[in-house]
Amino acid sequence: MAKESSFDVVSTVDMQEVDNAFQQAKKEISQRYDLKNSGAEISLDKSGGTITVAAPADFVASQVIDVIGSKLIKRGIDLTAVKWGDVQAASGGSVRRTATIVDGIDKETAGKINKDIKAQKLKCKVAIEGDKLRVSSPSRDTLQEVIAFLKGQDYGQPLQYVNYR
C-alpha cells in the first residue's frame, strides 16, 4: 500500500510582525500632521492578541485604523486576520474600537472547511485537530487539488498550508 501524504491547514499570525506594524503606526500617528495632536491613541496587547484604538471622533478612529491597516499590509499580514469590533462610546465624547487578531481555526470554520472538501468528492481524509485541520491522501496530486480549491474559497481568515509531506 502506498504511503499516505498529508498537510495541515492552519491560520496563524506572526505577532512579532504585528508588533512591528503597531510600532510603525504609532510613530506615524505621532508625526502625521492631521493626526499629530488629535488625541488618538493606539495600544497593543500581544498576549491577548488585541489592538485598541481610542480617538476623539469616529472619523479620526477610521483614519487611525487605515494607518494600522497599511502598516500591517506592508509587514505581510493579511487584513482578514484582524477582526474589528463595533464603535464603542468612551468618556468625553470619544470613541473606542478594539480588534482581535485571529489565531487558529475555530470549530465552525473548521467544520465548514471539512464539509467543503468532502463535497469535492476527492479521495482524501480530513481530520480536525484542535485549531488546525490535517488533510491526508495516498495521492499528492489530490492534496494539490485540495490546496488549490481552498485557495479559491473565502473563510473570513487567512489560511496557510504547512507540514506538507
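Here the structure is shown first, and the text comes after it.
As the structure is a prediction and not an experimental result, all values here were calculated from the model.

**Q** Even after reading the chapter, I still don't get the pairing of strand β2 (residues 41-45), so can you show me in this structure?
**A** Consecutive residues of a regular strand have side chains that alternate between opposite faces of the sheet. Burial of β2 is one-sided: the residues I42 and L44 facing one way are buried, the residues E41, S43 and D45 facing the other way are not. Counting the residues that bridge the hairpin from β2 to strand β3 (residues 50-55) gives 4 residues, and of these G49 lies at a positive phi of roughly 70 degrees.

**Q** What exactly am I supposed to notice about the sheet that holds strand β7 (residues 125-129) here?
**A** Neighbouring strands of a sheet are bound in pairs by backbone hydrogen bonds; such pairs are parallel or else antiparallel. Pairing is antiparallel in the open sheet, where 4 strands are placed in the order β7-β8-β1-β9. If you trace the sheet from one side to the other, it starts and ends with β7 and β9 (160-162), each paired once. The sheet shows a mean angle of 25 degrees between the axes of neighbouring strands, taken without regard to direction. The pairing of strand β1 (residues 5-10) with β9 spans 3 bridges and is antiparallel. Opposite V9, over in β9, you have Y161 as the bridge partner. Helix α3 (residues 107-119) contacts β7 and β8 (132-137) of the sheet and is inclined by roughly 175 degrees relative to β7. Where helix α4 (residues 140-151) meets the sheet, it contacts β1, β8 and β9, and its direction lies at approximately 15 degrees from that of β1.

**Q** Explain the nonpolar core to me, please; I cannot follow it from the model alone.
**A** Nonpolar side chains tend toward joint burial in soluble globular proteins. Membership of the largest hydrophobic core comes to 26 residues, with the highest contact counts inside it found for V18, I42, I51, V53, V64, I68 and L72. Of all the secondary-structure elements, those providing two or more residues to this core are α1 (15-31), β2, β3, α2 (58-74) and β6 (95-101). Counting residues per element, this core draws most heavily on α2, which supplies 7 residues. In this structure, I68 is in contact with A25, I42, I51, V53 and W84, ignoring residues within four places of it in sequence.

**Q** Where do I start with the pattern of salt bridges in this structure?
**A** Any two side chains of opposite charge can pair, given that their charged atoms come close. With the rule as written, the count across this model stands at 9 salt bridges. In this structure, K112 and D116 form a salt bridge, with 3.6 Å as the shortest nitrogen-oxygen distance. Highlighted residues: K112 and D116, both in helix α3, separated by 4 residues, approximately one helical turn. Taking relative accessible area as the criterion, K112 reaches 46% and is therefore assigned partly exposed. The buried category is assigned to D116, whose relative accessible area is 17%. Salt bridges linked by common partners bring E28, R32, D34 and K71 together as one network.

**Q** When you look at the packing of α3 against α4 in this model, what are you seeing that I'm missing?
**A** When two helices pack together, you describe them by how their axes are tilted relative to each other and by the distance separating the axes. Orientation of α3 relative to α4, taken along the N-to-C sense of each, is 125 degrees, at an axis distance of 11 Å. Taken as axis vectors, α3 and α4 run oblique relative to one another. In the crossing of α3 with α4, the sense of the turn from one axis to the other is right-handed. Two secondary-structure elements touch here, α3 through I113, D116 and I117 and α4 through V146, F149 and L150. Counted by class, the contact of α3 with α4 contains 5 nonpolar, no polar and 1 charged residues.

Reading the values: the criteria
- Residues numbered from 1 in each chain as written.
- Predicted model: local features only at pLDDT ≥ 70, side-chain atom pairs only at ≥ 80, totals over all residues.
- Heavy atoms only, no water.
- Buried < 20%, exposed > 50% of the residue type's maximum accessible area, 1.4 Å probe, protein only.
- Helix = DSSP H or I, 4+ residues; strand = E, 2+ residues; numbered from the N terminus.
- Pairing = 2+ DSSP bridges.
- Axes fitted to C-alpha atoms, helices over the stretch in contact; angles between N-to-C directions.
- Contact = heavy atoms within 4.5 Å.
- Core = buried A, V, L, I, M, F, W, Y, C linked by side-chain atoms within 4.5 Å.
- Salt bridge = Lys/Arg side-chain N within 4 Å of Asp/Glu carboxyl O.
- Parallel < 35°, antiparallel > 145°, perpendicular 65-115°, else oblique.
- Left-handed = near helix turned anticlockwise from the far one by under 90°.
- Nonpolar A, V, L, I, M, F, W, Y, C, P; charged D, E, K, R; others polar.

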